[in-house]
Amino acid sequence: MTISSDGTQPGGQRGTDTPAPPPLGPPPALGVDMRSAVFLDFDGTLVDIAEHPDDVIVPARLPELIAGLSEALDGRLAVVTGRSIAALEALLGPLQVAVAGSHGGEFRPSTHAPVQPLAEPLPDAIVAELRHFSEANGGLLVEPKPFSVAVHYRRHPEALEGLLTCAESLASTFRLGMKHGKQVIELAMPGSDKGSAVTRFMGLPAFTGATPLFFGDDVTDEDAFHAVRNFDGHGVLVGPQRATAASYRLPDVTAVHAWLENGLDAALKSALQGETRA
Ligand SMILES: [Mg+2]
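Presented here is an overview of the structure given in this document. Since the structure is predicted, the reported quantities are computational estimates derived from the model, not experimental observations.

## Considering the overall build of the protein
A tally of regular secondary structure across the protein gives seven helices and 12 strands. Burial statistics for the protein: of 278 residues in total, 42% are counted as buried. Across the protein, every contact between residues at least 6 apart in sequence was considered, and the portion connecting residues at least 24 apart equals 56%.

Shown next, in the form of structure tokens:
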């Protein structure tokens, strides 16, 4: 079943007998002595979502902040995004950190390592069918990725019902995973998601034994919120409270940046004190 980004089922209300989830508090500050690992979604977590995916505004400080914190954590930081790695680096520049793209379809354990594909490429026929639907419905934005395809209906909400029917048919025919995110339907090759990407990172020497925190805003991040629990970690939901497997919540992108900056400050102070003592 597809779950939409507010936790409701498609076309329906939240069940009246479902109690409202308890409000979640913010995550504790990053402990510099703690062996934390930090996983970061991109859209809606590190940058505000824009009308068009290419229009997101990347704060000039962001690449430096991510790289600095990764260094402070001895490499135990990864960006885990639905975007392709190429699309992410077009916005952020060459990433100096570990990254998984395309909802876990692409995996790069460190900056200079080659990208490891974790899924089969998406058949061209799927993109062609969705483009055909898009053109017949006012021109929805079809975004092909190496292992998935996203259709953004933000400008054409009236097309959602038909889009769901078309996507569900393709998902069934080609045995694809289907995700309903914020104003976007995404079809992905099976075998990878953000949860499997996190699990794979946690098996790398740099991450082994660490306590992971995964920051994400959308339903596609719920796989990762579940995965980090297997390593005694926690999900951090970014945005309004909703049904979620996360343990903590931050209200918006600004609060995520503040949490990351505080963590980096603490790490740098700790390193300075260590040098003074040495
Ligand atoms: Mg997101």
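Let's pick the thread back up.
## Observations regarding the pairing of strand β1 (residues 36-40)
Judged by how many residues are buried, β1 sits mostly within the fold: four of five residues are covered. Here β1 runs beside strand β10 (residues 211-216); their pairing, made up of five bridges, is parallel. Residue pairing across strands places A37 opposite P212, the latter belonging to β10. As defined by bridge partners, β1 adjoins strand β2 (residues 77-80) across three bridges and the pair is classed as parallel. By the bridge assignment, V38 is partnered in β2 with L77. Note that the unit made of β1, helix α1 (residues 62-72) and β2 has a crossover that is right-handed.

Cut-offs and rules
- Residues numbered from 1 in each chain as written.
- Predicted model: local features only at pLDDT ≥ 70, side-chain atom pairs only at ≥ 80, totals over all residues.
- Helix = DSSP H or I, 4+ residues; strand = E, 2+ residues; numbered from the N terminus.
- Buried ≥ 20, exposed ≤ 12 C-beta atoms within 10 Å, placed from the backbone.
- Contact = placed C-beta atoms within 7 Å.
- Pairing = 2+ DSSP bridges.
- Right-handed = clockwise from strand over helix to strand, strands pointing away.

Everything listed here is a matter of coordinates, which is why it stays silent on function.
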